[in-house]
Amino acid sequence: MAQVELKGIGGKPVSVNTGLFIGNEFVPAIGGETLPTENPASGELLAHVSAAQSRDVDAAVASSQAAFEGEWSKTLPAQRGELLRKLSELIERDADELASLEALDVGILFGESKGLHIAQAIETLRHFSGWADKITGQLLNIPQGYAYTRRQPLGVCGAIVPWNSPLMITIWKLAPAIAAGNTLIIKTPEATPLYGQKLASLVKEAGFPPGVINILCGLGPVAGQALAEHPKVKKISFTGSALVGRKVLRAAADTNFKKVTLELGGKGPSIVFPDADINNALFWTTLGITANNGQVCVAGSRIYVHSSIYDSFLLAFAEKLVQSSVGDPLQPETTKGPVVNATQKKKILGYIEQAKASGIRLLAGGEPIAGNGHFVPSTAFADVPDDAAIMQEEIFGPVASITKFDKESEVITKANASEYGLSAAVFTNDVSRAERVSSRLETGQVTVNCWGLLHANTPFGGVKQSGFGRDLGEESLDGWLTTKTVKYNILPSGEE
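First things first, this report covers the structure right here in the doc. Please read all numbers here as calculations on a predicted model, not as lab measurements. (Residues numbered from 1 in each chain as written. Predicted model: local features only at pLDDT ≥ 70, side-chain atom pairs only at ≥ 80, totals over all residues. Heavy atoms only, no water.)

## Some details on the overall build of the protein
Tallying secondary structure elements over the protein gives 15 helices and 24 strands in all. Relative to the globule expectation of 23 Å for 496 residues, the C-alpha radius of gyration of the protein, 24 Å, shows essentially globular dimensions. Taken along the three principal axes of its C-alpha coordinates, the protein extends 85 × 65 × 40 Å. The buried share of the protein, taken over its 496 residues, is 57%. The long-range fraction of contacts in the protein, counting pairs at least 24 apart against all pairs at least 6 apart in sequence, stands at 74%. Counting only carbon and sulfur atoms, one obtains 53% of the accessible surface of the protein, whose full area is about 19,800 Å². When the 44 basic and 51 acidic side-chain charges of the protein are each reduced to a single mean position, those positions are 3 Å apart. (Helix = DSSP H or I, 4+ residues; strand = E, 2+ residues; numbered from the N terminus. Rg over C-alpha atoms; globule rule 2.2 N^0.38 Å. Buried < 20%, exposed > 50% of the residue type's maximum accessible area, 1.4 Å probe, protein only. Contact = heavy atoms within 4.5 Å. Areas by Shrake-Rupley, 256 points an atom, 1.4 Å probe, with all protein chains shown as cover. Lys, Arg positive; Asp, Glu negative; His and termini not counted. Charge placed at Lys NZ, Arg CZ, Asp CG, Glu CD.)

## A word on unusual backbone geometry
Positive phi values are uncommon outside glycine, yet N24 reaches one of about 65 degrees. Unlike most non-glycine residues, Q144 shows phi in positive territory, near 60 degrees. The class of Q144 is exposed, set by a relative accessible area of 60%.

## Digging into the sheet that holds strand β7 (residues 139-142)
Reading across from one edge, β7-β8-β24 is the order of the three strands in this open sheet, with antiparallel pairing throughout. The open sheet terminates on both sides in strands that have one partner only, identified here as β7 and β24 (481-489). Averaged over all neighbouring strand pairs, the angle between strand axes comes to 30 degrees, with direction disregarded. (Pairing = 2+ DSSP bridges. Axes fitted to C-alpha atoms, helices over the stretch in contact; angles between N-to-C directions.)

## Topic: the sheet that holds strand β16 (residues 361-364)
If you walk across this open sheet you meet the seven strands as β16-β17-β18-β15-β14-β20-β21, and the pairing is mixed. Two strands in the sheet have a free side with no partner beyond their single neighbour: β16 and β21 (445-448). Geometrically, the sheet is characterised by an average inter-axis angle of 25 degrees between neighbouring strands, direction not taken into account. In this sheet, β21 lies alongside strand β20 (residues 423-427) in parallel orientation, the contact comprising four bridges. Each bridged residue has a counterpart across the sheet, and for A424 the counterpart in β21 is V446. Docked against the sheet, helix α11 (residues 342-357) engages β17 (379-382) and β18 (399-405), running at close to 25 degrees with respect to β17. Across the face of the sheet, helix α13 (residues 408-416) comes into contact with β14 (269-272), β15 (302-306) and β18 while running at roughly 175 degrees to β15.

In structure tokens form, the structure reads like this:
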């Protein structure tokens, strides 16, 4: 199968196979279909990778089904854990190559990819490697006997992964799925597939049996839809938009009622109270809208600041927001890379122009960045009305909407006035206030005096239209297991 060689950090070569990864082999799509992927910093073509069609998905499912019914079902839990740990070691070894691929293909800063995304992937693999032999049931008393429960794998499962943090989110799904004893088909994002091609080679090197992990690139409406509709797939874990999440859920309902977990959009509120450490709040609220160019579902895009500190906060935030060096994400001096593609750039700039045209106060940024590549300005608007599009809709870009509040109850109402409920941040030095507010916010996660922290042992997911089910933490295992109850009726002895 063809390979492509790219220049990574420091000009070092990075080679990846371009085929579909099925049964531990790279193969072309059955019909020969391919997809192009480009460098968002320059617009230059990076590679053509094989694009899975429905027949290719069928082949991957057959491979995964054979693995589940064969060698994998006989693999001891401790051995599953050891394979996950081996994969973590290989990712750590090749971290520079993986970070280079995310910089080239996604536009993520090399240091951000290596220091956060890849580090978090390694942490997650090691965390769940320890869970593999600790998944247990219960012993229960019943009349005239006893019962016990077994937590068992579902079988062939699918994961549909987004383009914004592809390796990290792939591992969020891979690690608990494999720890639980399933086989897994990963549909990588068509916009940023190269990390998955590299990951596939590491899966094989780690020693996973053929078919346990299959990795396919393909269009969402083609390969993703085929996976969601497949009658032999028992679970789909999807991260992406609410629009596509509904399609995945509908496909499951229309076919075999497969289990579904959804991590969808967000419109995260960050609330700054007057007793907060302002420098700390400024650091985290700025990071919350600029990390990965705001292309994260937990982006703190709605910022509520108490009226007594509002004006001074705006001045400092505006100054901090525009302190960036735009350029190639592989270069160490770059602090702001491109967004993923021209479509995303157009969408973000459209929101900015719409807000400016409607008369909302532009605080910072807002002007297009000249030159090649898909670069957009970090932008903030102040005094944003509650019903403004930039306050209500997920932009998925570095655009902050800031407004003031006076009362605790008022800001809780404002923060909850969203169809989304993924993550929120609260800045205060009052422990009682932090507890009151965090308990009333309608989100799956609340961070206090920080933003967006992720840890392998803490569950992550949303409520409302941000989806259901959890990645990470012990709770995530529930989505990859089914519980079987076995009941024993103890017969009386013949002497009675």
